[in-house]
Each structure stands twice: as C-alpha cells, then as structure tokens.
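Descriptive analysis of the structure
Next come the chains, spelled out residue by residue.
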Amino acid sequence: MRPSWDEYFMELVELIKTRSTCLRRQVGALIVRDRLILATGYNGAPAGCQHCVDIGCMREQMGIPSGQRHELCRAIHAEQNAIVQAATSGISIGGGTLYCTHQPCVLCAKMVINAGIRRIVYRGEYPDELSLRLLEEAGVERTILV
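Residues numbered from 1 in each chain as written. Predicted model: local features only at pLDDT ≥ 70, side-chain atom pairs only at ≥ 80, totals over all residues. Heavy atoms only, no water.

Mapped onto the secondary structure, Asp 6 falls in helix H1 (residues 5-16). Here Tyr 99 takes part through its side chain, which lies 2.6 Å from a polar atom of the side chain of Asp 6. Leaving out residues up to four positions away in the same chain, Asp 6 has contacts with Tyr 99, Arg 119, Val 121, Thr 143 and Leu 145. (Helix = DSSP H or I, 4+ residues; strand = E, 2+ residues; numbered from the N terminus. Polar contact = N/O pair within 3.5 Å; in protein donor to acceptor, adjacent residues only side chain to side chain. Contact = heavy atoms within 4.5 Å.)

Listed below in structure tokens is the structure:
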C-alpha cells in the first residue's frame, strides 16, 4: 500500500537517524515545505569536534537523566542541525513541517518556533513538558504518528 506523505517522510527520518553518533538516542530530522525536502539533520558533535561514539558519552559518565541539563552534551540535536543546515544554505524554512523521530526538547522547540516552522510530526516521546506548552502557545501543530 502506498504510504501517506507523513509516513513517507517519517521513513526518511528513520534512515537519516542512522548517521547519528549519539550513544544514548539516535534522532533524525527532516524539514519539508510543499512536499519538497529543504534540510536534514541528525544528532552528533559539531563539525570538527570528536563524537561520543569515539570518546564516550559525557552525560552517561555524569549520570545525567534524559531530558535534563541539555547544555552538558557534546551533541547538537537533529532539529538544530536541520535548521542550521537550512540557514547556512540560505534556505527559508518558514511555513515548513519538521519531521522528527522524537518530540523536540525545549531548546529545539524554541528554535522551531522562531524559524517559523508551522507543524511537527514525530513518533517518540521526550520528557519535556515545557516544550509541549511552548509549541501549543505558539500555535505549532503537532502530529504524533504511531
């Protein structure tokens, strides 16, 4: 059976996440507008920096639970990478849809809102209630695929 557009783009996100270098959670992101792929991203260390798969996970070593102390992590999140990729390529993502393997954290949610993304589609939950409140307040539509 032919997949819906949401299912199609979510399958691509599953492939994108395989590039992740995070030891805890592989996350992929894809930004689309008018069924046209604008940018992709996965979570991993910034360009030119060592990856956790090579040197270990600082958060794991410090016992930091998921969803807390985002600043204590080598990785840039998949959503952030996709937004930055679009920006460095001069691609406007306003009015677009973000497809992501997981619910964005509060840091990514704030970037999504200010980038003008109007809709987020994701599968996995993330322990961040403030993220959901901000997205709702800003009128960003959320779709959870099962």
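Turning our attention to the pairing of strand E1 (residues 28-33). The element E1 is extensively covered by neighbouring structure, given that 5 of its 6 residues are classed as buried. Note: E1 against strand E2 (residues 36-42), 6 bridges, orientation antiparallel. Bridging from a neighbouring strand, Gly 28 pairs with Tyr 42 of E2. Counted between consecutive antiparallel strands, the loop separating E1 from E2 contains 2 residues, among which Asp 34 sits at a positive phi close to 55 degrees. One ladder, built from 4 bridges, connects E1 with strand E3 (residues 97-102); its direction is antiparallel. In the strand pairing of E3, Leu 30 is matched with Tyr 99. (Buried < 20%, exposed > 50% of the residue type's maximum accessible area, 1.4 Å probe, protein only. Pairing = 2+ DSSP bridges.)

All right, on to the sheet that holds strand E5 (residues 141-144) then. Read from one edge to the other, the open sheet built from 5 strands follows the order E2-E1-E3-E4-E5, with strand pairing classed as mixed. Strands at the two margins of the open sheet, each flanked by one partner only, are E2 and E5. Strand after strand, the sheet turns through a mean of 20 degrees between neighbouring axes, direction not considered. Each of E1, E2, E3, strand E4 (119-124) and E5 touches H1; the most contacted strand, E3, lies at about 55 degrees to it. (Axes fitted to C-alpha atoms, helices over the stretch in contact; angles between N-to-C directions.)

Let us look at the pattern of salt bridges. In total, this model carries 7 salt bridges according to the counting rule given. The shortest N-O distance in the salt bridge between Glu 60 and Arg 24 comes to 2.8 Å. Linking Glu 60 in helix H3 (residues 58-62) with Arg 24 in the loop between H1 and E1, this pair joins segments that are 36 residues apart in sequence. The class for Arg 24 is partly exposed, based on a relative accessible area of 34%. With its nearest N and O atoms 2.6 Å apart, the salt bridge here joins Arg 69 to Glu 71. For Arg 69, a relative accessible area of 46% gives the class partly exposed. What emerges from the salt-bridge pattern is a single network uniting Glu 11, Glu 14, Lys 17 and Arg 123. (Salt bridge = Lys/Arg side-chain N within 4 Å of Asp/Glu carboxyl O.)

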